[in-house]
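Examining the three-dimensional arrangement
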Amino acid sequence: MTAILVGESVSKHYGGLKAVDDVDFHLDDGEILGLIGPNGAGKTTLFSVAAGSTPPTHGRVLLDGKEVSGKSAHRSVHLGICRTHQIVRPFARLTVAENVLVGHHYGRPPNVGGRDALAVTMEILDFIGLADADRIIVLDHGRKIAEGTPAEVGNDPRVIEAYLGRDDEGQPVEPEEGQRA
Ligand SMILES: Nc1ncnc2c1ncn2[C@@H]1O[C@H](COP(=O)(O)OP(=O)(O)O)[C@@H](O)[C@H]1O
Ligand SMILES: [Mg+2]
């Protein structure tokens, strides 16, 4: 596999706050790579650094071997990378497929649906490449704490702790039904 996007020791510090702290990552050609983590983990900052809109404090991001970090968004876009912003408002309690299904049903008579609607939903997800989201990196407090398939990271005790914390006895909180990947 050829890595098309590579992050080398990417750090972004705001004064004493390490928003992103020494993160290495790679994205292979044709792969979908997720980046997750609790609020304030550093996801948006890492995206901004990769897309050129925020210069890193240390490290760099390379697209096809060319540095795209530390420039500016309007320069980086011509090198082949840009980011979108977090303006969509999906239904948090529904799955990705269910969110698409809602969109498919919207404005249609209530009896339209069933297996056909689900098939259309899966076609849409397949088309945009979300039917089978591949590998995930998990950030917490700016540091990479886990990397793997959704099932692997969803069952990783460090990831569960980052999201749910510890109970009164200092044990990682047990996820409830539907909270695991
Ligand atoms: N421009 C900024 N100035 C100072 N602190 C910032 C700035 N942007 C982000 N931070 C801080 O960096 C940390 C990571 O933020 P962010 O990347 O937005 O996290 P996430 O997207 O994972 O929620 C947070 O503690 C946030 O308050
Ligand atoms: Mg964010």
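Residues numbered from 1 in each chain as written. Chains lettered and ligands numbered in written order. Predicted model: local features only at pLDDT ≥ 70, side-chain atom pairs only at ≥ 80, totals over all residues.

To continue, consider the site of ligand 1. Around ligand 1 lies a shell formed by Tyr-14, Leu-17, Ala-19, Gly-37, Asn-39, Gly-40, Ala-41, Gly-42, Lys-43, Thr-44 and Thr-45. Broken down by secondary-structure element, the contributors of at least two residues to the shell around ligand 1 are strand E2 (17-28) and helix H1 (43-50). With three residues, H1 is the largest single contributor of residues to the shell around ligand 1. Split by residue class, the shell around ligand 1 holds four nonpolar, six polar and one charged. (Near = placed C-beta within 6 Å. Helix = DSSP H or I, 4+ residues; strand = E, 2+ residues; numbered from the N terminus. Nonpolar A, V, L, I, M, F, W, Y, C, P; charged D, E, K, R; others polar.)

Moving on, we come to the nonpolar core. Counting 20 residues, the largest nonpolar core has Val-10, Val-20, Leu-46, Val-49, Ala-50 and Val-138 as the members making the most contacts within it. Mapped onto this core, the elements with two or more residues apiece are E2, H1, strand E6 (135-140) and helix H6 (157-164). Counting residues per element, this core draws most heavily on E6, which supplies four residues. Beyond its immediate sequence surroundings of up to four residues, Val-49 is in contact with Val-10, Lys-12, Val-20, Thr-54, Pro-56, Val-61 and Ser-69. (Core = buried A, V, L, I, M, F, W, Y, C linked by C-beta atoms within 7 Å. Buried ≥ 20, exposed ≤ 12 C-beta atoms within 10 Å, placed from the backbone. Contact = placed C-beta atoms within 7 Å.)

With that settled, consider the sheet that holds strand E3 (residues 33-36). Working definition: the strands of a sheet are paired by backbone hydrogen bonds and lie parallel or antiparallel to each other. The sheet built from three strands is open, its strands ordered E3-E6-E7 with mixed pairing. Both outer strands of the open sheet, E3 and strand E7 (143-148), are each paired with one neighbouring strand and no more. In this sheet, neighbouring strand axes are inclined to one another by 20° on average, regardless of whether the strands run parallel or antiparallel. Of the strand pairs in this sheet, E6 and E7 are connected by five bridges, and their pairing is antiparallel. Bridged to Ile-136 within E7 is Gly-148. Docked against the sheet, H6 engages E6 and E7, running at close to 125° with respect to E7. (Pairing = 2+ DSSP bridges. Axes fitted to C-alpha atoms, helices over the stretch in contact; angles between N-to-C directions.)

Now for H1. Helical geometry: 3.6 residues make up each α-helical turn, so side chains three or four residues apart lie on a common side. Among the residues of H1, those classed as buried are Lys-43, Thr-45, Leu-46, Val-49 and Ala-50. The arc that holds every buried residue of H1, seen down its axis, measures 165°, which confines them to one face. The elements touched by buried residues of H1 are strand E1 (3-14), E2, E3, strand E4 (58-63) and E6. Phi turns positive one or two residues past the end of H1, at Gly-52, with a value near 90°. (Arc of directions from axis to C-beta.)

Moving on, we come to the pairing of E2. Across eight bridges, E1 lies against E2 in antiparallel orientation. Following the sheet pairing, Tyr-14 is matched in E2 by Leu-17. Here E1 folds back onto E2, and the loop between the two strands holds two residues, one of which, Gly-15, carries a positive phi near 60°.

Our next topic: the sheet that holds E1. Across the sheet, which stays open at both edges, the four strands sit in the order E2-E1-E4-E5 with antiparallel pairing between neighbours. Two strands in the sheet have a free side with no partner beyond their single neighbour: E2 and strand E5 (66-67).

We now examine the domain arrangement of the protein. How big an interface is tends to be expressed through the accessible area that disappears when the partners come together. You can read the domains of the protein as domain 1 (3-87 + 133-164) and domain 2 (96-127). A separation of 31 Å is found between the C-alpha centroids of domain 1 and domain 2. (Domains from an automatic or database assignment.)

Tracing the backbone shows Gly-37 in the loop between E3 and H1. Between the C-alpha atom of Gly-37 and that of Gly-170, which follows or precedes it by 133 residues, the distance is 21 Å. Apart from the residues within four sequence positions on either side, Gly-37 is in contact with Gly-42, Lys-43, Val-138, Leu-139, Asp-140 and Ala-162.

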